[in-house]
Amino acid sequence: MTPLAQMFPPAGVEVRCGDLRLGWLSDDDLPGLVEVALRGVHDEDYMPFESPWTLAPRAELPTNTLRFLWSRRAAITPEDWNLTFGVFVGGRIAGIQELAGKHFVATRTASTGSWLGREFQGRGVGTLMRQLVCALAFDHLGAVECRSGAFSDNARSLGVSRKVGYEIVDTTREARADEQGWQTHHMLRLDPQGFVRPDQPIEYAGVEAFRAFIGLTTPGPAFGPLATPTPPR
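As the structure is a prediction and not an experimental result, all values here were calculated from the model.

(A) Quick peek at the overall build of the protein chain. Each helix and strand counted, the protein chain has seven helices and nine strands in total. Relative to the 2.2 N^0.38 estimate, which gives 17 Å for 233 residues, the radius of gyration of the protein chain is 17 Å and therefore close to what a compact globule would have. If one aligns the C-alpha atoms of the protein chain with their principal axes, the spans along those axes are about 50 × 45 × 30 Å. The 233 residues of the protein chain split such that 45% are buried. The contacts of the protein chain with a sequence gap of at least 6 include a subset with a gap of at least 24, amounting to 68%. Across the protein chain, the centroid of the 23 positively charged side chains sits 3 Å from that of the 27 negatively charged ones.

What follows is the structure in structure tokens.
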């Protein structure tokens with residue numbers, strides 16, 4: 001039987017560093033991921049997300065989560081792709097880290113988004129998983145910038161962005177599902193020159209097939225001295 005990654009290259013992309021692995025979420029991984037979400041992602045009196053998916057009734061959150069993840073898979077095209085990685089810490093599912101691009105061959109701009117179970121927070125996992133997708137974007141996909149966003153009171157997300165080297169480039173007022181009903185929102189940008197890399201080496205798999213899938217046939221403009229790929233162990 002033809003392997004899934006050969007039929008659909010996004011399924012074969014994997015990034016590893018130490019005991020952290022970012023990889024394709026199989027259907028067998030999804031029940032464990034849902035259990036992490038049910039155990040909690042943030043304080044009950046605070047909403048860090050623009051889309052307040054964690055406010056769903058407990059009985060509905062599993063179905064909603066599965067429907068969202070399956071829809072992300074189904075939406076992948078070469079022109080509008082997402083790598084919605086499972087985050088595995090020591091082999092345990094811990095959350096989601098996404099890297100996405102729209103008309104990427106032309107723009108060389110990637111965006112990131114993530115969530116991490118509370119039991120895995122405060123251990124440097126959030127910083128490392130962001131570093132891994134940014135390294136993938138710069139070193140292997142030829143991105144010239146990575147973008148992320150966070151509400152101005154989301155100290156954890158903004159702290160990760162600061163550690164990785166992002167800078168705030170825009171601030172807007174956005175609606176939010178809380179008592180105030182809105183909050184200032186920061187858009188952040190990272191380029192290869194400002195990128196703070198992890199101390200440990202990074203290992204990659206499935207990248208060349210994914211490059212071909214999204215239409216990258218030559219190295220992007222970020223390749224070169226400022227974006228030298230981290231050698232494998």
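Having put the structure on the table, let's press on.
(B) Just unusual backbone geometry, in detail. Even without glycine at this site, His103 takes up a positive phi of about 50°. Its location among the elements puts His103 in the loop between strand S4 (92–102) and helix H4 (104–107). Of note in the backbone geometry, Arg108 takes a positive phi value of approximately 50° without being a glycine. Here Arg108 lies in the loop between H4 and strand S5 (109–116). Residue Arg108 is classed as buried on the basis of its relative accessible area of 9%.

(C) Seen up close, the packing of aromatic side chains. Counted under the stated rule, the structure contains six aromatic pairs. Measuring from ring centre to ring centre gives 5.9 Å for Phe8 and Trp24, while their planes differ by 75°; the resulting arrangement is edge-to-face. A residue pair is termed long-range when its members are at least 10 positions apart, and Phe8 in the loop between helix H1 (4–7) and strand S1 (14–17) and Trp24 in the loop between strand S2 (20–23) and helix H2 (30–39) qualify at 16 residues. With centroids separated by 5.5 Å and ring planes inclined at 70°, the aromatic side chains of Trp81 and Phe104 adopt a geometry described as edge-to-face. Of the two residues, Trp81 sits in strand S3 (residues 80–89) while Phe104 sits in helix H4, which places them 23 residues apart along the sequence.

(D) Representation of the layout of surface pockets in the model. Volume-wise, the second largest pocket comes out at about 300 Å³. Along the walls of the second largest pocket sit 13 residues, with Ala37, Leu38, Gly40, Glu44 and Thr54 positioned nearest its centre. For the lining of the second largest pocket, a count of residues per class yields seven nonpolar, three polar and three charged.

(E) Structural context of the nonpolar core. If you look at the biggest cluster of nonpolar residues, it comprises 43 residues, and the most contacted ones within it are Trp81, Val87 and Leu136. In terms of residues, this core owes the most to one element, helix H5 (residues 125–140), which gives ten residues. Contacts of Val87, omitting those with residues within four sequence positions, involve Leu20, Arg21, Leu22, Arg92, Ile93, Ala94, Gly95, Ile96, Gln97, Leu116, Val125 and Met129.

Analysis parameters
- Residues numbered from 1 in each chain as written.
- Predicted model: local features only at pLDDT ≥ 70, side-chain atom pairs only at ≥ 80, totals over all residues.
- Heavy atoms only, no water.
- Helix = DSSP H or I, 4+ residues; strand = E, 2+ residues; numbered from the N terminus.
- Rg over C-alpha atoms; globule rule 2.2 N^0.38 Å.
- Buried < 20%, exposed > 50% of the residue type's maximum accessible area, 1.4 Å probe, protein only.
- Contact = heavy atoms within 4.5 Å.
- Lys, Arg positive; Asp, Glu negative; His and termini not counted.
- Charge placed at Lys NZ, Arg CZ, Asp CG, Glu CD.
- Phe/Tyr/Trp six-rings, centres within 6.5 Å; stacked < 30°, edge-to-face > 60°.
- 1 Å grid on protein atoms, 1.4 Å probe; cavity = no way out; pocket = protein on both sides within 12 Å on 5 of 7 lines; lining within 4 Å.
- Points joined across faces, edges and corners; volume = space filled by probe spheres on them.
- Nonpolar A, V, L, I, M, F, W, Y, C, P; charged D, E, K, R; others polar.
- Core = buried A, V, L, I, M, F, W, Y, C linked by side-chain atoms within 4.5 Å.

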